Amino acid sequence: MLKSQVLNSAILKDARSDTPFIIYRLPGSRDAVCHTADVEFDGCRLTAPGIELTTWLGRSYSGMKVCAESTTLADYTAAVDSIVDHLKTEGGKTVLSRTICGKFKEFDPTAMISEYFAMFPDMFCFCACHPHTGFWMGASPELLLVRKADGSADTRALAGTRPADTPGAWDFKNIEEHRMVIDDICRRATSLNGYSATAGETGILRYGSVEHLATPITVNAPGGIDMRKVIAAIHPTAAIAGLPLERALRAIEATEKEARKFYGGTIIAGDTAYVALRCVHFDSSRWCIYTGSGITAHSSAADEWTETAEKARPLQSLLQRY
């Protein structure tokens, strides 16, 4: 076990893209777990004993080069406008991502990992590396599932974003988007034979300079839940892909120029699973942040661009110091 504020594993002191490791820290814990042996990549999963990081939709890659070009405002605006036009007729939601790229001045992965983990003590923090994947680091608020001792499991609807500490009620766009995610998770969980899903009280989860609507959802089944079965049923949720799912996936495929790779994939560590969000892909010279937002018929490209920039701001500010 390694202190998350130090992360002084010998392997991380000289971290290179040809030195496989996976390090993660559960929300609220002061300690990080570091694996430096038996780390393998099979094209769609990066694994070590007790943990696995899976690509978006389980897609296979022989290697992952770091994207060198940020999404332009013009391309992003055109994509959002096109999606909004369809959603005004068809309804639903599509989660669109973009990239923000840059270069390192001084590459120091150990310091970056330690600093990023310390910035978000209440998030699921991870950094993984393999010669075929490069480095992937994130601090995700997106709980996918945690299995509890009584056999039930908790998940969370996390959708709707605004600047932190904004006074007053949430606007219609964010409330509608959040409701879609709650309904979608509950519907898909209860599609499993004998399973039930109960949504709790909606609150607010803060992440850096933004805050999100967050609703806990408890999943139950006679004899206890099957964690893998529930994850397969609910992921990717409407918070990660959109609604209806197949139509949203087609829109993502048609409009996003950069493959998501591990962004939006799952991280399963024991009885806990998160989605790989608020993450960056990097090598020893360049980095690429992936950031996204939910597009509905009420979205504007300018607002969504600002939202994605705010979500990426803590990570971007960190990377620009190195």
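Thresholds applied
Residue positions are given per chain, counted from 1 along the sequence in the order it is written. Given that this is a predicted model, residues contribute local features only at a pLDDT of at least 70 and side-chain atom pairs are listed and counted only at 80 or more, while totals for whole chains, interfaces and linings are drawn from all residues. The basis for every side-chain value is the complete set of heavy atoms in the structure, and neither hydrogens nor water enter the calculation. Strands are runs of DSSP state E lasting at least two residues, helices are runs of H or I lasting at least four, and both sets are numbered from the N terminus onward. A helix is expected to span 1.5 Å for every residue after the first. Classification of residues uses two cut-offs on accessible area relative to the type maximum, computed with a 1.4 Å probe and protein chains only: under 20% is buried, over 50% is exposed, and between them is partly exposed. Here a polar contact is recorded for every N or O atom pair within 3.5 Å, except that within protein the pair must consist of a potential hydrogen donor and a potential acceptor, and residues adjacent in sequence are included only if both atoms are side-chain atoms. Should any heavy atoms of two residues lie within 4.5 Å, those residues are counted as being in contact. At least two DSSP bridges between two strands are required for those strands to pair. The aromatic pairing rule takes the rings of Phe, Tyr and Trp, using the six-membered ring of Trp, and pairs them if the centres are within 6.5 Å, calling planes under 30 degrees apart stacked, those over 60 edge-to-face and the rest tilted. As a reminder, the over-ring test applies to NZ of lysine and CZ of arginine, requiring each to be within 6 Å of the ring centre and within 35 degrees of the ring normal.

Q: Quick question: what am I supposed to make of helix 7 (residues 301–319) here?
A: Each turn of an α-helix holds 3.6 residues, which means side chains three or four residues apart point in the same direction. Between its terminal C-alpha atoms helix 7 stretches 26 Å, which fits the 27 Å expected from 19 residues at 1.5 Å a residue. Taken as a whole, helix 7 has its buried residues at Ala301, Glu304, Glu307, Thr308, Ala309, Lys311, Ala312, Pro314, Leu315, Leu318 and Leu319.

Q: Help me understand the side chain of Lys173 in this model?
A: Within the secondary structure, Lys173 sits in helix 4 (residues 172–190). A polar side-chain atom of Lys173 sits 2.8 Å from a polar atom in the side chain of Glu177. Within the structure, the side chain of Lys173 is placed 2.9 Å from the backbone oxygen of Gly294, a separation counted as a polar contact. Look past the residues within four positions of Lys173 in its chain and what remains in contact with it is Gly294, Thr296, His298, Ser299, Glu304 and Glu307.

Q: I'm lost on the pairing of strand 7 (residues 93–103) in this one. Help?
A: Each regular strand displays side chains that alternate between the two surfaces of the sheet. The buried count for strand 7 comes to 10 of 11 residues, which makes it a mostly enclosed element. Relative to strand 15 (residues 242–243), strand 7 runs antiparallel, the two sharing 2 bridges. The residue bridging Thr94 from the neighbouring strand is Gly242, located in strand 15. Bridge count between strand 7 and strand 19 (residues 286–295): 10 bridges; the pairing is antiparallel. Residue pairing for strand 19: Ile100 is matched across the bridge by Ile289.

Q: Any chance you could explain the packing of aromatic side chains here in plain terms?
A: For the structure shown, the criterion picks out 16 aromatic pairs. Centre to centre, the rings of Tyr24 and Phe124 are 6.0 Å apart; their planes meet at 15 degrees, and the pair counts as stacked. Residue Tyr24 is found in strand 2 (residues 21–25), and its partner Phe124 is found in strand 8 (residues 124–130); the two are separated by 100 residues along the sequence. Given the relative accessible area of 11%, Tyr24 is considered buried. Classification of Phe124 by relative accessible area gives buried; the value is 0%. Ring geometry for Phe124 versus Phe126: centroids 6.4 Å apart, planes at 40 degrees, classification tilted. For Phe126, a relative accessible area of 4% translates into the label buried. Within the aromatic cluster, the residues linked to one another by ring pairs are Phe21, Phe104, Phe107, Phe135 and Phe282. Geometry around Trp305 places Arg98 over its ring, the cationic atom sitting 3.5 Å from the centre. When the ring centre of Trp56 is taken as reference, the NZ or CZ atom of Arg260 above it lies at 4.3 Å.

Q: Hey, could you run me through unusual backbone geometry in this one?
A: Keep in mind that most residues, glycine aside, have a negative phi and that most peptide bonds are trans. Backbone torsion omega between His235 and Pro236 reads 0 degrees, so that peptide bond is classified as cis. Within the secondary structure, Pro236 sits in the loop between helix 5 (227–234) and strand 15. Cis rather than trans, the peptide bond between Leu243 and Pro244 has omega equal to -10 degrees. Among the structural elements, Pro244 can be located in the loop between strand 15 and helix 6 (245–255). The backbone of Leu57 sits at a positive phi, close to 60 degrees, despite the residue not being glycine. Assignment of secondary structure puts Leu57 in the loop between strand 6 (51–54) and helix 2 (73–90). The residue Lys261 is not glycine, and still its phi comes out positive at about 55 degrees. Relative to the elements of secondary structure, Lys261 occurs in the loop between helix 6 and strand 16 (266–269). A residue is classified by how much of its surface remains accessible, and Lys261, at 6% relative accessible area, is buried.

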